[in-house]
Amino acid sequence: MTAQALVIGRELDRLDGLWEDGLSDTYRSYLDVVDSYDDAVQPKLALAAALIEAGIRLQGLGGRAAPAAALLMGDLCLARASRLLADHASQDLQVAFARAIEEMSAAAASGTGGRPVRDLLVGAFESGR
Amino acid sequence: MIAKRLRFKTSGTTQFVDITEQLREEVRRSGLRVGRIHLQSLHTTVGLAVNENEPLLLRDFESLLERLAPSGAGYEHDDFARRFDIAVDEPVNGHAHCRQLLLTGFTTVLVEEGDLVLGRWQSVFAVELDGPRSRQLAIQLDGEFVPAISSLRGTRGEVARSAGGGHVLPSAVRDKDLVELELTRQLMVDPDPVAVPMRRLVEAGGKRLRPRLVQLSAQIGPKHNPLRAAALAAAIELLHNATLIHDDYVDESTHRRGRPTVAAMEGAERAIAVGDFYFAKATRLIAEIGNGDVTSTVAEALEAICASQIDDVALRGAFPGDHDSYLKVVRGKTAALFAASCASGALLSEADPVAVEALRRYGDLLGVAFQMADDMVDFSPSSGKPVGLDIRQRVLSLPLIYAAEDREVGPEVRRLLAGTLGDAEVERVTELVRSSDALQRVGDEARGLAEAALRELEAVELDGLRPTLVGLARSAVDRNS
């Protein structure tokens with residue numbers, strides 16, 4: 001097991017099923033986006049972004065509301081991402097991520113199609129650098 | 001005395017316009033602490049009423065008015081051939097004038113502690129009887145005022161500083177006012193689709209215990225700054241309310257704080273989006289305060305809350321559960337944010353680490369005690385809340401756990417809870433809980449935890465805050481609402 005896998009494994013408590021269900025692919029795609037950040041925090045930041053993407057999908061944000069159990073799992077993904085960012089990201093990056101979620105949810109609440117979540121989060125990585 | 005006009009547009013022929021929040025806002029802006037707000041309709045077809053804002057009830061009122069003064073029933077006022085000096089646009093509205101006679105054109109609402117004195121289910125309505133039109137009410141506020149926050153700043157908008165680098169505000173500005181102002185300010189700048197439902201929830205009240213804990217703890221360290229503490233306190237209150245919005249969807253609750261929940265009123269999709277927006281906004285506001293320890297403390301609490309929500313729902317399959325499962329869920333669901341509120345306030349003021357940890361433990365124990373007291377409210381007929389709601393929703397509740405364990409009533413409680421819970425079953429379970437010693441046991445346990453919470457603070461220098469923290473702990477468990 002690699003050091004990176006160990007780091008990620010600790011953060012997947014209660015969420016292991018999601019890892020097999022596409023979270024690992026999302027995580028890997030974000031690893032390419034965070035390569036300009038400190039090596040030590042790259043896995044944490046990529047995982048935070050992947051969890052936000054997974055959480056929002058689970059909740060059905062912007063689409064049909066998820067059933068209660070999926071919503072709660074989505075909430076946990078967002079909360080875990082928030083804690084990862086609080087512990088490992090700069091203040092600017094934390095703010096950029098929060099603003100991205102604000103934009104997505106405001107668009108969902110108003111019934112207008114917002115920008116894709118991936119674009120918003122990649123943009124957050126760029127502006128929070 | 002302040003005199004103003006309250007203007008609004010109506011969109012229906014007959015419409016109950018809930019003006020409670022506008023009145024609250026007027027009181028808040030004016031700085032009125034104790035007194036009265038007088039209202040007077042400036043129209044002969046607009047009345048005033050104080051009643052419950054429940055959509056079906058409002059339809060009942062409309063039907064009642066229609067029955068008592070039907071439109072088109074041949075009013076002499078509408079016989080223009082017999083009237084003099086009528087305007088070219090004179091409406092046919094004899095029924096509306098007659099309906100207004102059944103209502104009132106004047107009312108007074110009392111104000112205490114800077115807020116309207118209204119019962120749990122009361123809202124103030126301007127009743128349009130001949131709309132749609134632009135309308136206005138005359139309002140006067142009189143009583144004891146404190147200066148508004150803007151007038152407390154110096155000419156350069158600065159707040160006075162203490163010698164130690166902390167900030168000092170005139171004592172007239174209470175901590176609670178700062179939080180309310182900050183909440184109002186934050187909700188003013190957000191897009192309506194998210195701000196309106198959240199404003200409705202925030203303005204419906206709530207005990208504001210978490211912000212209070214932040215503000216008290218923030219006075220303990222050497223860098224006490226009331227404005228930064230209020231910003232953190234308001235953000236934590238927003239976060240708490242965001243979690244409630246999602247909870248209400250999960251629990252299928254129709255009402256909270258006497259008003260329809262966001263999910264019930266605006267639909268599940270909107271509720272999810274509003275919860276997410278304020279979850280993100282609150283974390284941003286906390287990050288912007290710029291204290292990494294505070295950010296991490298609150299983030300950890302949020303994670304604990306979400307994990308416990310999952311456990312809570314899972315445990316409903318084994319309803320009513322047991323004491324250990326109950327404590328595990330409550331520690332995350334309720335106590336985590338109490339503990340984080342205490343710890344983050346102290347961290348913000350750069351309090352001694354020993355004090356931070358003592359306050360964290362105080363918050364944790366107080367949170368559990370608070371939840372136990374909250375469980376008891378479900379069995380109190382004087383709480384103003386529907387009795388037995390927790391039973392109906394199969395929410396984890398310590399009195400139920402104790403009643404289910406009781407030698408005498410336990411078998412029947414367990415049998416009833418295992419089946420379908422209709423009105424009769426809920427009533428019977430409530431009776432059984434009340435007849436057992438379950439409520440006494442929960443009350444004793446909650447008071448014991450509150451005292452344990454206070455013992456955590458014994459070795460901490462609290463700079464005169466001890467009586468307030470003691471009072472807060474005891475009032476959190478000795479309540480009926």
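If you're wondering where the values come from, they're calculated on a predicted model, not measured in any experiment.

Draft legend 1. Highlighting the overall build of chain A. For chain A, the count of helices and strands is 6 helices and 0 strands. Going from N to C terminus, chain A has its helices and strands arranged as α-α-α-α-α-α. What you see for chain A is a C-alpha radius of gyration of 14 Å, in line with the 14 Å of a compact globule of 129 residues. The principal-axis extent of the C-alpha atoms belonging to chain A is close to 40 × 30 × 20 Å. Of all 129 residues assigned to chain A, the portion counted as buried reaches 50%. Sequence-distant contacts, at least 24 apart, represent 56% of the contacts inside chain A between residues at least 6 apart.

Draft legend 2. The overall build of chain B, seen in detail. Secondary structure summary: chain B contains 19 helices and 10 strands in total. Rg of the C-alpha trace for chain B: 26 Å, near the compact-globule value of 23 Å for 481 residues, within the 12% margin. In terms of its C-alpha atoms, chain B occupies a principal-axis envelope of roughly 85 × 65 × 35 Å. Looking at chain B as a whole, 43% of its 481 residues are labelled buried. Here the analysis covers contacts within chain B between residues at least 6 apart in sequence; of these, 77% occur between residues at least 24 apart.

Draft legend 3. Structural view of the sheet that holds strand β7 (residues 123-128) of chain B. All names here are of chain B. Strand order in the open sheet formed by 3 strands is β2-β7-β4, and the pairing between neighbours is antiparallel. Both edges of this open sheet fall to β2 (15-18) and β4 (46-51), since each of them pairs with a single strand only. On average, each strand axis in the sheet is tilted by 30° relative to the strand beside it, whichever way the strands run. In this structure, β4 lies alongside β7, joined through 6 bridges in antiparallel fashion. From the neighbouring strand, Gly47 faces β7, where its bridge partner is Val127.

Draft legend 4. Spatial organisation of the domain arrangement of chain B. All names here are of chain B. Each domain of chain B was delimited in the assignment, giving domain 1 (2-71 + 92-145) and domain 2 (169-477). With centres defined by C-alpha atoms, the gap from domain 1 to domain 2 works out at 33 Å. Of the residues lining the interface, 6 residues belong to domain 1; the matching set on domain 2 comes to 6 residues. Looking at the side of domain 1 that touches domain 2, its residues break down into 1 nonpolar, 1 polar and 4 charged.

Draft legend 5. Structural detail: the interface of chain B and chain A. In this complex, chain B contributes 33 residues to the contact, which on the side of chain A involves 31 residues. Among the residues making up the side of chain B that touches chain A, the classes are represented as 19 nonpolar, 6 polar and 8 charged.

Draft legend 6. Molecular detail of the sheet that holds strand β3 (residues 32-41) of chain B. Residue and element names in this part refer to chain B. With antiparallel pairing, the 5 strands of this open sheet are ordered in space as β1-β8-β3-β5-β6. The open sheet terminates on both sides in strands that have one partner only, identified here as β1 (2-9) and β6 (115-116). In terms of strand pairing, β3 meets strand β5 (residues 106-112) through 6 bridges, oriented antiparallel. By the bridge assignment, Gly35 is partnered in β5 with Val111.

Draft legend 7. Region of interest: the confidence of the model for chain B. Residues and elements named next belong to chain B. When pLDDT is averaged along chain B, the result is 89, and 93% of the positions lie at 70 or above. Helix α4 (residues 149-152) is the least confidently modelled element of chain B, averaging 40 in pLDDT, while helix α10 (residues 268-289) averages 98, the highest of any element. Note that pLDDT drops below 50 for residues 148-168; the model gives that stretch 26 contacts with residues more than four away or on any other chain. For this predicted complex, the interface confidence comes out at an ipTM of 0.96, alongside a pTM of 0.73.

Draft legend 8. A look at the environment of Leu120(A). Residues and elements named next belong to chain A. You can see Leu120 is positioned in helix α6 (residues 117-127). Residues Leu120 and Ala96, spaced 24 residues apart in sequence, show a C-alpha to C-alpha distance of 9.3 Å. Setting aside anything within four residues of it in sequence, one finds Leu120 in contact with Ala100, Glu103, Met104 and Arg115.

Draft legend 9. Structural detail: the nonpolar core. Residue and element names in this part refer to chain B. Core analysis: the largest hydrophobic core is formed by 155 residues, its most contacted members being Leu232, Ala235, Val274, Leu366 and Ala369. In this structure Ala235 touches Ala282, Leu285 and Ile286, once residues within four positions along its chain are discounted. Among the nonpolar cores identified, the runner-up in size contains 18 residues, and Phe16, Ile37, Ile139 and Leu141 belong to it.

Draft legend 10. Focus on the pairing of β7(B). Residue and element names in this part refer to chain B. The buried fraction of β7 is high, at 6 of 6 residues. Side chains of β7 alternate between two faces, with Ser123, Phe125 and Val127 and Val124, Ala126 and Glu128 buried alike. Here β2 pairs with β7 via 4 bridges, running antiparallel. Looking at the pairing, Asp18 lines up with Phe125 of β7.

Draft legend 11. Structural detail: unusual backbone geometry. Residue and element names in this part refer to chain B. That bond from Gly131 to Pro132 is cis: its omega, 0°, falls within 30 degrees of zero. For Glu350, which is not a glycine, the phi torsion comes out positive at approximately 55°. The topology assignment puts Glu350 in the loop between α12 (323-348) and α13 (353-377).

Draft legend 12. The packing of helix α11 (residues 292-315) of chain B against α12(B), seen in detail. Residue and element names in this part refer to chain B. For the pair α11 and α12, interaxial distance at closest approach is 8 Å and the crossing angle is 165°. Considering the angle they form, α11 stands roughly antiparallel to α12. The handedness of the crossing between α11 and α12 comes out as left-handed. Split by residue class, the contact of α11 with α12 holds 15 nonpolar, 6 polar and 5 charged.

Rules of the game
- Residues numbered from 1 in each chain as written.
- Chains lettered and ligands numbered in written order.
- Predicted model: local features only at pLDDT ≥ 70, side-chain atom pairs only at ≥ 80, totals over all residues.
- Helix = DSSP H or I, 4+ residues; strand = E, 2+ residues; numbered from the N terminus.
- Rg over C-alpha atoms; globule rule 2.2 N^0.38 Å.
- Buried ≥ 20, exposed ≤ 12 C-beta atoms within 10 Å, placed from the backbone.
- Contact = placed C-beta atoms within 7 Å.
- Pairing = 2+ DSSP bridges.
- Axes fitted to C-alpha atoms, helices over the stretch in contact; angles between N-to-C directions.
- Domains from an automatic or database assignment.
- Nonpolar A, V, L, I, M, F, W, Y, C, P; charged D, E, K, R; others polar.
- pLDDT = per-residue confidence, 0-100.
- Core = buried A, V, L, I, M, F, W, Y, C linked by C-beta atoms within 7 Å.
- Parallel < 35°, antiparallel > 145°, perpendicular 65-115°, else oblique.
- Left-handed = near helix turned anticlockwise from the far one by under 90°.

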